[in-house]
Amino acid sequence: STPTHLASDQPINTIAGFPIPEEPRPPADDAMASVECCMSGCAVCVYDLYEDSLKEYKQAVATLRASLSALSIPESRWPSHIRMSTTATDEHATSANRQRDAVFSAFDEMERTLKEKREKRAAVEAES
């Protein structure tokens, strides 16, 4: 793979002239931007954005694989994370999904507890 540069002067790796997609990082792992779920029930959560990025990444990888295969470039020359035999992306996504599920489970539990407190408070106020 050969590094080239974009207008932003950010290096991009290529193979046979095709850009090698960069795998998105889950929100909690994104130390550069310090992006985490705020647990506020946002219409568009950082996990939604991550899932969209992951879908785009997987599509780009599939397109790159098809292009490299069409050019008969041996898979042994492909970057390791692009090879068909690798499951790193799937394992990474599964890990991110487990993390997201844990976050949402905690959020749901907190919401249920708050609802119960509100209902108890309303019942006490209604009796007064």
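Below, the structure is looked at part by part. (Residues numbered from 1 in each chain as written. Predicted model: local features only at pLDDT ≥ 70, side-chain atom pairs only at ≥ 80, totals over all residues. Heavy atoms only, no water.)

Time to look at the overall build of the protein chain. A count of helices and strands for the protein chain gives two helices and three strands. Written out in order from the N terminus, the α and β elements of the protein chain read β-β-β-α-α. By residue count, 22% of the 128 residues in the protein chain fall in the buried class. A sequence separation of at least 24 residues applies to 55% of the contacts in the protein chain between residues at least 6 apart. Summing over all exposed atoms, the protein chain offers an accessible surface of approximately 9,000 Å²; the carbon and sulfur share of this is 52%. (Helix = DSSP H or I, 4+ residues; strand = E, 2+ residues; numbered from the N terminus. Buried < 20%, exposed > 50% of the residue type's maximum accessible area, 1.4 Å probe, protein only. Contact = heavy atoms within 4.5 Å. Areas by Shrake-Rupley, 256 points an atom, 1.4 Å probe, with all protein chains shown as cover.)

Okay, unusual backbone geometry next. Positive phi, close to 55°, is recorded for Ala16, a residue that is not glycine. Phi is positive for Ser72, close to 60°, though the residue is something other than glycine. Residue placement: Ser72 occurs in the loop between α1 (46-70) and α2 (88-127).

Formed by Ile15, Ile20, Tyr50, Leu54, Tyr57, Val61, Leu64, Leu68, Ile73, Trp78 and Ile82, the largest nonpolar core amounts to 11 residues. Those residues in contact with Ile73, other than ones at most four positions away along the chain, are Ala16, Leu68 and Trp78. (Core = buried A, V, L, I, M, F, W, Y, C linked by side-chain atoms within 4.5 Å.)

Moving on, we come to the environment of Leu71. Secondary-structure assignment places Leu71 in the loop between α1 and α2. When the C-alpha atoms of Leu71 and Ala16 are compared, they prove to be 8.9 Å apart, with 55 residues separating the residues in sequence. Excluding anything up to four places from it in sequence, Leu71 contacts Ala16 and Phe18.

With that settled, the discussion passes to α1. Compared with an ideal rise of 1.5 Å per residue, which puts 25 residues at 36 Å, α1 spans 36 Å between its outermost C-alpha atoms and is within 8% of the ideal. Looking at α1, one finds that the buried residues are Val46, Tyr47, Tyr50, Leu54, Tyr57, Val61, Leu64, Arg65, Ser67 and Leu68. Downstream of α1 by one or two residues, Ser72 has phi in the positive range, about 60°. (Expected span 1.5 Å × (residues − 1).)

Let us now look at a positive patch on the surface. Where like charges cluster on the molecular surface, the positive patch consists of Lys115, Lys117, Arg118 and Arg121. With respect to the element layout, Lys115 can be found in helix α2. Looking at Lys115, the relative accessible area reads 47%, which means it is partly exposed. (Patch = residues over 30% accessible without salt bridge, like charges linked within 9 Å, V, L, I, M, F, W, Y side chains within 5 Å. Salt bridge = Lys/Arg side-chain N within 4 Å of Asp/Glu carboxyl O. Lys, Arg positive; Asp, Glu negative; His and termini not counted. Charge placed at Lys NZ, Arg CZ, Asp CG, Glu CD.)

A few words now on the environment of Ser85. You can see Ser85 is positioned in the loop between α1 and α2. It is 9.2 Å that separates the C-alpha atoms of Ser85 and Glu75, two residues lying 10 residues apart in sequence.

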